[in-house]
Amino acid sequence: MPRFAANLSMMYTEHAFPDRFAAASADGFDAVEYLFPYAYDAAGLRGRLDENGLRQVLFNAPPGAWDSGERGTAALPGREAETRAGVERALEYAATLGCPRVHVMAGLVRQDATPAQLAEHRDTYLANLAWAAERAAAAGVDILIEPINRRDMPGYFLNRQTEAHTAVQEVGAPNLKVQLDLYHCQIVEGDLTTTLRRDVPTGRVGHMQIAGVPDRNEPDRGELDIRHLFGVVDELGFDGWIGCEYRPRAGTSEGLGWLDDYRNHRGEDA
């Protein structure tokens, strides 16, 4: 049965961030993820996890100047030192939080980049990922990369599942994996059932995320048949987590009927 993690950057925003842990636990979540922990003391965050019986399953490495519009630096030539310092900082937090996964964002590239420039971006990306995976392996942490749609994030370097899996294979590190966000994947390429059946058995998918398409609300809103997709994930034996990275239309708890329905449905089938 799929396991679900509340994304505290998007969910429970009716509460102050430190209080979102208790709110997620009260709704039956066993795990959480979020974008960035760096505005908070790592030990304090670990305390919130422990107090509420939660596991931290994912967060992102520092992304550059996020408030100025940057979305990662790993594929940006000339930013290697910053990227690697960010990975080191993320691994320090991961150690305190007991978090086994860190997402390293690629960054934005110019829409008019030439083939030669794109090749330089890719070479930089692969070199940084190889370095990050080697450093993370010593800490028992997986490094994740995520294809993101360019409607929500124009210019993002990595967009398609095959591109991500090819990069993972080229680097060849067993702890470098793909973060499969079904929301982004549906927008970019669709064919989610085939994608799941093709990619999950490779062992290269380290984490999943879900949201409704096209508005990124609850996953049962819009064009995805989530019961079918969760059934496919279950059928494939995926033993990772599915992050609920969506914006609730109203209150977070009030919008969790989809999860209650799924749990009840699975209970009837058991």
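So, here is what we can say about the structure in this document. Since the structure is predicted, the reported quantities are computational estimates derived from the model, not experimental observations. (Residues numbered from 1 in each chain as written. Predicted model: local features only at pLDDT ≥ 70, side-chain atom pairs only at ≥ 80, totals over all residues. Heavy atoms only, no water.)

## Remarks on the sheet that holds strand 1 (residues 3-7)
Sheet architecture is closed into a barrel: eight strands sit in the order 1-2-3-4-5-6-7-8, paired in parallel fashion. On average, each strand axis in the sheet is tilted by 30 degrees relative to the strand beside it, whichever way the strands run. Direction of pairing for strand 3 (residues 55-60) relative to strand 4 (residues 101-103): parallel, over a ladder of two bridges. The partner of Phe59 across the bridge, within strand 4, is Val102. Against the sheet, helix 3 (residues 80-97) makes contact with strand 3 and strand 4, and its axis sits at roughly 170 degrees relative to strand 3, the strand it touches most. Its contacts with the sheet place helix 8 (residues 226-235) against strand 1, strand 7 (205-210) and strand 8 (241-244), and it is angled at close to 165 degrees to strand 7. (Pairing = 2+ DSSP bridges. Helix = DSSP H or I, 4+ residues; strand = E, 2+ residues; numbered from the N terminus. Axes fitted to C-alpha atoms, helices over the stretch in contact; angles between N-to-C directions. Contact = heavy atoms within 4.5 Å.)

## Considerations on the state of the cysteines
Per the counting criterion, the structure on display carries zero disulfides. No disulfide involves Cys99; its sulfur sits 16 Å from that of Cys244, the nearest cysteine. Among the residues examined, Cys244 registers a relative accessible area of 0% and is labelled buried. (Disulfide = S-S within 2.5 Å. Buried < 20%, exposed > 50% of the residue type's maximum accessible area, 1.4 Å probe, protein only.)

## Re the packing of aromatic side chains
All chains considered together, the criterion is met by 14 aromatic pairs. With a centroid separation of 5.0 Å and 65 degrees between ring planes, the pair formed by Phe4 and Phe230 is classed as edge-to-face. Of this pair, Phe4 sits in strand 1 while Phe230 is found in helix 8, placing the two residues 226 residues apart along the sequence. Each member of the pair Phe4 and Phe230 is classed as buried. Both rings, one in Phe17 and one in Tyr34, keep their centres 5.3 Å apart while their planes meet at 75 degrees; by these two values the pair is edge-to-face. Taken together, the residues span a long stretch of sequence, with Phe17 in the loop between strand 1 and helix 1 (20-26) and Tyr34 in the loop between strand 2 (31-33) and helix 2 (42-51) at a distance of 17 residues. Grouping aromatic residues by their ring pairs yields a cluster made of Phe4, Phe230, Tyr246, Trp258 and Tyr262. Over the ring of Trp66 we find Arg71, and its NZ or CZ is 3.6 Å from the ring centre. (Phe/Tyr/Trp six-rings, centres within 6.5 Å; stacked < 30°, edge-to-face > 60°. Lys NZ or Arg CZ within 6 Å of the ring centre and 35° of its normal.)

## Quick look at empty space enclosed by the protein
Here the idea is plain: a probe the size of a water molecule rolls over the atoms and shows the empty space left. Per the counting criterion, the structure on display carries one cavity of 30 Å³ or more. Here the largest cavity is characterised by a volume of approximately 60 Å³. Taken together, Ala61, Pro62, Pro63, Gly72, Thr73, Ala74, Thr83, Gly86, Val87, Val104 and Met105 make up the lining of the largest cavity. The residue makeup of the lining of the largest cavity, split by class, is seven nonpolar, four polar and no charged. (1 Å grid on protein atoms, 1.4 Å probe; cavity = no way out; pocket = protein on both sides within 12 Å on 5 of 7 lines; lining within 4 Å. Points joined across faces, edges and corners; volume = space filled by probe spheres on them. Nonpolar A, V, L, I, M, F, W, Y, C, P; charged D, E, K, R; others polar.)

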